[in-house]
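Single-letter residue listing:
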Amino acid sequence: MPDTLSLGAFFHPTGHHMAAWRHPGAQVDAGTNIDHYLSLAKTAEAAMFDLVFLADAAAIRHGRLSELSRWPQYMAYFEPTTLLSAMAAVTQHIGLVATATTSFNEPYNIARRYASLDHISKGRAGWNVVTSSNQAEAQNFSRDAHFDHAERYMRAEEFVQIAKGLWDSWEDDAFLRDREAGLYFDPAKLHRLDHKGERFSVRGPLNVARPPQGHPVIVQAGASPAGRAFAAAHAEVIFTAQTDRDASAAFRTEMLGAAEDAGRGARALRIMPGLNPVVGETRAESQAFYDNLSSLVPPELGITALAPIVPEVDLSDCDPDKPIPLSLLPKDTNASKTDLARLISQTEAGMTLREIYSQFIGARGQNTVIGTAQDVADHIIDWVRADACDGFLIQPSVLPLGLDQFAASVVPLLQEAGVLRTEYPGATLRDTLGLERPANHYAEAGIANTLSEI
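To keep things clear, this report deals only with the structure shown in the data block. Every value quoted in this text rests on a predicted model; they were computed, and no experiment measured them.

## A closer look at unusual backbone geometry
The general pattern is negative phi for most residues beyond glycine and trans for most peptide bonds. For the bond running from Gly 204 to Pro 205, omega is -5°, close enough to zero to count as cis. Cis geometry is adopted by the peptide bond preceding Pro 400, which originates at Leu 399 and carries an omega value of 10°. Looking at the secondary structure, you find Pro 400 in the loop between β13 (391-394) and α13 (401-416). Here the phi dihedral of Asp 387 falls at roughly 55°; this positive angle occurs in a residue that is not glycine. Relative to the assigned elements, Asp 387 resides in the loop between α12 (373-385) and β13.

What follows is the structure, given as structure tokens:
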């Protein structure tokens, strides 16, 4: 069992359910309402969450406007690192994690952006590394099509290595700021990267001091073989879509072992499955709440929501009360391989299209627990004590309502059970997660800069 349960708060603007924005408990203009997000961050910190997490995409969703106009997700919302900088100003302890793609960014920009966020937050930044599965993003970055799956993970590998190298540009004690001697920094402790690889050429050094955490915390969520290999080498937190306790325990064991095989310690990473808690005074009340939300999603929108999983296939003519014809589903995809595998598995199990999209619109492939606060707390405690995970990424159906309910009713039960802290253990996100601060590789190797100019 992990020493302390980790909790992340996943903030889709109005909530995780597709119909969240239609519920009176949602902030209907959430995507562009800064006060909404600042309030959420303060609520999560008061409830002792380890971190808040913001997803991102570099394109709006693709599809028929008649359906897209009924769902605000990814259509209009803040750039996440900018938003987290604002959250940093109204919080003191909670980690601040945002998504940025390695497919449609440059390593120098991302290294600089997250180093800056780490300084602004005094050591609370995390980067969720993605390669992007949204095919439409490519066309916003001068490409007709996305990189293929293998290529984008090779690009991500080189990208992250460069970012880590840039974060080590300055040694921790490089800045002397000696007014009397007139010396601001020690030239021997500034390092130029001079990276020349297959996909990137980056000279460096970074024009930001070394981050307070050494490196911002690296988060990853891909579950394909390439994604798992990348996570074993680099991830310190893994967000995962596990719905079965024993399967999650096996996944955790596999990834901890893979991290050790990659030369990292046994405590090098934390596994956090997604969890959608639907909390009510009674189980019947919770189920009625969830059923009402789902009833607000018209079939054509539910079908449209599945489109990014199989962009090559038009599901609009399929009978929603029958399984998708397996002959329609591709064997492989350049979108999310994990989502495609789940869709095929659900179809092979006999689920109808309506059952599949009904599950997706509320859970997005994650685990959903519908019941009382005690039901949700028991589920969390059971998984953690079974070593099935290190914690959960909590994804409330409706925001702020769902977060308020979880903080007020579930968190006290977890604290009474002794699995959730009652105070933060330190100042940084690494302190909270129990992760080591990486050494500067130049200082560790005793390498001094001897260049006369940078």
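That covers the picture; the talk isn't over yet.
## Re the environment of Pro 438
Here Pro 438 shows up in the loop between α14 (429-433) and α15 (441-444). Once the C-alpha coordinates of Pro 438 and His 215 are considered, the two residues, 223 residues apart in sequence, prove to be 6.7 Å apart. Contacts of Pro 438, omitting those with residues within four sequence positions, involve Arg 210, Gln 213, Gly 214, His 215 and Arg 430.

## Quick notes on the packing of helix α1 (residues 34-46) against α13
Running from N to C, α1 and α13 point in directions that differ by 15°, and their axes come no closer than 10 Å. For the element pair α1 / α13, the angle class is roughly parallel. The handedness of the crossing between α1 and α13 is left-handed. Here Leu 40, Thr 43 and Ala 44 of α1 come into contact with α13, specifically with Leu 403, Asp 404 and Ala 407. Along the lines of polarity and charge, the residues of the contact of α1 with α13 split into 4 nonpolar, 1 polar and 1 charged.

Here is what the cut-offs are and how they apply
Residues numbered from 1 in each chain as written. Predicted model: local features only at pLDDT ≥ 70, side-chain atom pairs only at ≥ 80, totals over all residues. Heavy atoms only, no water. Helix = DSSP H or I, 4+ residues; strand = E, 2+ residues; numbered from the N terminus. Contact = heavy atoms within 4.5 Å. Axes fitted to C-alpha atoms, helices over the stretch in contact; angles between N-to-C directions. Parallel < 35°, antiparallel > 145°, perpendicular 65-115°, else oblique. Left-handed = near helix turned anticlockwise from the far one by under 90°. Nonpolar A, V, L, I, M, F, W, Y, C, P; charged D, E, K, R; others polar.

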